[in-house]
Protein chains: 2
Amino acid sequence: MRKSLGVSWQTLQRLPVYLNYLKSLPSEWERISASAIAAALHLNDVQVRKDLACVSSSGRPKVGYPVDTLRRELEDFLGYHDVDTAVIVGAGHLGRALLNYGGFEAYGLKILAAFDVESTLFGSEGGKIWPLAKLGELCAQLHPKIGIITTPADAAQGACDLLVSANVKAIWNFAPVHLRVDEGIVVTDENMAVHLAILSHHLRQSPVREHFNQC
Amino acid sequence: MRKSLGVSWQTLQRLPVYLNYLKSLPSEWERISASAIAAALHLNDVQVRKDLACVSSSGRPKVGYPVDTLRRELEDFLGYHDVDTAVIVGAGHLGRALLNYGGFEAYGLKILAAFDVESTLFGSEGGKIWPLAKLGELCAQLHPKIGIITTPADAAQGACDLLVSANVKAIWNFAPVHLRVDEGIVVTDENMAVHLAILSHHLRQSPVREHFNQC
DNA sequence: AACTTATCGATAAAAAAATATTGAATAGCC
DNA sequence: GGCTATTCAATATTTTTTTATCGATAAGTT
């Protein structure tokens, strides 16, 4: 199920983490070794090297990887240099927060508009909130590739279907439900309940001593 | 690194998904089989059964699991019935969205307050936003177990250290950085960049046909 | 120039996870 | 009451992922 051409799903999850780490490095750092990255991130050095091998071949013995090159290669691979466009369905607290966030452009994501059924919202947030009924029309103009779902759970599947029929190719789902979609549509669930479950479960598990990355 | 007593990390990730699915069932449904859950969620039935075996032994041949019992068992296991308390550091768009969301109580999470350095925010959102300088004092009173970080990347490690010194035992990190913490503190990264990477990468990978869960 | 050490990359081994197989239990049916 | 179909649970197999090992390469050192 979770398969991808070339890189494994777990590797794909770690790549942005490496990129973050590279960004956090002081700019006078010119080179970095896989072992150093592994040590900093509490990972296995061979794993880091294998992961990086998927996106780069600029590593040299005794030297490591040139930071700026590796960074660019990672960003390229992750698509941060090509801009994808998105629309949001559900302009509640979370939807509006994402709409206003602004930090996604650095990741190559531009959020064009948000839709909701609540008429008091229309036109607010810089005129970016629209009636849900306008979704089809606007999407036909704007051609967003990504649909972001921030509706309540019971409205999520409907929102999803609507987005798919508006030709969106990928769904980023913040609602705590499992969405059913046709083949050819990618769904990733930003399931906060999962993270809460992990935190909660581990708080109850004494002594707690693990460090998790995403999930 | 990602180890837990009893359940594997992957299983722990799927449990909330099962719970969501059970909740979505019509209330007249009294029983459900692992095979049915697996089919609905596009998973392997043996996997579902093994996962459920960690939290329940109420499954019976030919019958399946009683929905309400299984639901309660999952909620118990995931700690939704015990309330954990949390504070937020960073009252920007995302921080305020989480503070106002209100839906976390269903997962056993109560958000008590948010902290920021921006003085124009103090006292807003129902008096729940406080100056960062007050964090130590308030935490000493409220004893939150969870710290939620929604600061910009460059402030995240500082926020983290502050929370840890205020005796928080778990960190839910929304900032796109890898946090360093002492042993004994749990960190989960709600790394949106990871999800964006997945979406973006797969949009570029034609034809796209996978369905991902969290990550 | 040879030696040492840090590092990459490839291959091999180990561990973990997912999937398949089989057997047992039970409800419904003949 | 015995037969059949469904489903759980235990075991076995396969696949995937992680970790370890080894040889090669290049920078710094003597």
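Residues numbered from 1 in each chain as written. Chains lettered and ligands numbered in written order. Predicted model: local features only at pLDDT ≥ 70, side-chain atom pairs only at ≥ 80, totals over all residues. Heavy atoms only, no water.

1. As for the overall build of chain A
The following threshold applies: Numbering of helices and strands starts at the N terminus; helices are DSSP runs of H or I of at least 4 residues and strands are runs of E of at least 2. Each residue is assigned to one of three classes by its accessible area relative to the maximum for its type, calculated with a 1.4 Å probe on protein chains only: buried under 20%, partly exposed between the two thresholds, exposed over 50%. By the convention used here, residues are in contact when the closest approach between their heavy atoms is within 4.5 Å.
When helices and strands are counted, chain A shows nine helices and eight strands. Along the first, second and third principal axes, the C-alpha set of chain A runs to 60 × 45 × 35 Å. Evaluated residue by residue, chain A yields a buried proportion of 53% over its 215 residues. Sequence-distant contacts, at least 24 apart, represent 53% of the contacts inside chain A between residues at least 6 apart.

2. Overview of the sheet that holds strand S7 (residues 170-173) of chain A
Residues and elements named next belong to chain A. Basically, it comes down to this: When DSSP finds two or more bridges between a pair of strands, those strands are recorded as paired. The convention used is that axes are lines fitted to C-alpha atoms, helices contributing only their stretch in contact, and that angles between N-to-C directions extend from 0 to 180 degrees.
Here we have six strands laid out as an open sheet, ordered S5-S4-S3-S6-S7-S8, and parallel in their pairing. The sheet is open, and its two edges are formed by strand S5 (129-131) and strand S8 (186-189), each paired on a single side. Each adjacent strand pair in this sheet contributes to an overall mean axis angle of 25 degrees, direction not counted. With four bridges connecting them, strand S6 (residues 146-149) and S7 associate as parallel partners.

3. Some thoughts on the nonpolar core
How we decide: As used here, the term nonpolar core means buried Ala, Val, Leu, Ile, Met, Phe, Trp, Tyr and Cys residues forming a set that is joined through side-chain atoms within 4.5 Å.
Residues Ile148 of chain A together with Ile148 of chain B are the most contacted members of the largest nonpolar core, which totals 103 residues. Counting residues in each nonpolar core, the second largest holds 21 residues, with Leu138, Cys160, Ile171 and Val177 of chain B among its members.

4. Details of the interface of chain A and chain B
Our working rule: Put simply, buried area is the surface a 1.4 Å probe can reach on two separate parts but cannot reach once they are joined, added for both. Each reported salt bridge corresponds to a side-chain nitrogen of Lys or Arg within 4 Å of a carboxyl oxygen of Asp or Glu. Two N or O atoms count as a polar contact when they lie within 3.5 Å, although within protein this holds only if one can serve as hydrogen donor and the other as acceptor, and sequence-adjacent residues are included solely when both atoms are side-chain atoms.
In this assembly, 74 residues from chain A lie in contact with 74 residues from chain B. Here chain A meets chain B over a buried area of about 7600 Å², counting both sides, of which 61% is carbon and sulfur. Among the ionic pairs, Asp82 of chain B bridges to Arg204 of chain A, the shortest N-O distance being 3.7 Å. For the pair chain A and chain B, the number of links is nine residue pairs in polar contact (both at pLDDT 80 or more).

5. A short note on the protein's contact with DNA strand D
What counts here: Nearness here has a simple test: a residue counts as near a molecule or strand if at least one of its heavy atoms is within 4 Å of that partner.
Contacts to DNA strand D come from 21 residues, most closely from Arg14, Gln47 and Pro61 of chain A together with Ala34 and Arg49 of chain B. Of what DNA strand D places within 4 Å of the protein, 74% of the atoms are sugar or phosphate. A distance of 3.0 Å separates a phosphate oxygen of DNA strand D from a polar atom in the side chain of Arg14 of chain A. Of all the secondary structure elements, the ones that give two or more residues to the surface near DNA strand D are helix H1 (9-24) and helix H3 (45-53) of chain A together with helix H2 (34-41) of chain B. If one sorts the elements of the surface near DNA strand D by residue count, H3 of chain A sits on top with three residues.

6. With respect to the pattern of salt bridges
Applying the stated criterion to the full structure yields 18 salt bridges over all chains. A salt bridge links Asp84 of chain B to Lys145 of chain B; its shortest N-O distance comes to 3.3 Å. Of this pair, Asp84 of chain B sits in strand S3 (residues 84-89) while Lys145 of chain B sits in the loop between helix H7 (135-142) and strand S6 (146-149); the two residues are 61 residues apart in sequence, bridging distant segments of the chain. Asp84 of chain B sits in the buried class, given a relative accessible area of 2%. In this structure, a network of salt bridges that share partners links the residues Asp82, Asp84 and Lys145 of chain A together with Arg204 of chain B.

7. Focus: the side chain of Thr151 of chain A
Residues and elements named next belong to chain A. Inspection of the secondary structure assignment puts Thr151 in the loop between S6 and helix H8 (153-165). Taking relative accessible area as the criterion, Thr151 reaches 11% and is therefore assigned buried. A polar contact is formed between the side chain of Thr151 and the backbone nitrogen of Ala156, at a distance of 3.4 Å. With residues up to four places along the chain from it excluded, the contact list for Thr151 reads Val89, Gly90, Ala156, Ala159 and Ala175.

8. Some details on the packing of aromatic side chains
Residue and element names in this part refer to chain A. Keep this limit in mind: Aromatic rings from Phe, Tyr and Trp, with only the six-membered ring used for Trp, were paired whenever their centres fell within 6.5 Å, and each pair was classed as stacked if the ring planes differed by under 30 degrees, edge-to-face if by over 60, and tilted otherwise.
Tallied over the entire structure, the rule returns eight aromatic pairs over all chains. Ring geometry for Tyr101 against Phe104: centres 4.8 Å apart, planes inclined by 80 degrees, an arrangement best described as edge-to-face. A relative accessible area of 41% means that Tyr101 is categorised as partly exposed. Looking at Phe104, the relative accessible area reads 4%, which means it is buried. An angle of 50 degrees between the planes, with centres 5.0 Å apart, marks the rings of Trp172 and Phe174 as tilted. You'll find Trp172 and Phe174 in the same group, each marked buried. Taken together, the aromatic side chains of Tyr101, Phe104, Trp172 and Phe174 make up a single cluster linked through ring pairs.

None of the figures reported here should be taken as evidence of function without further support.
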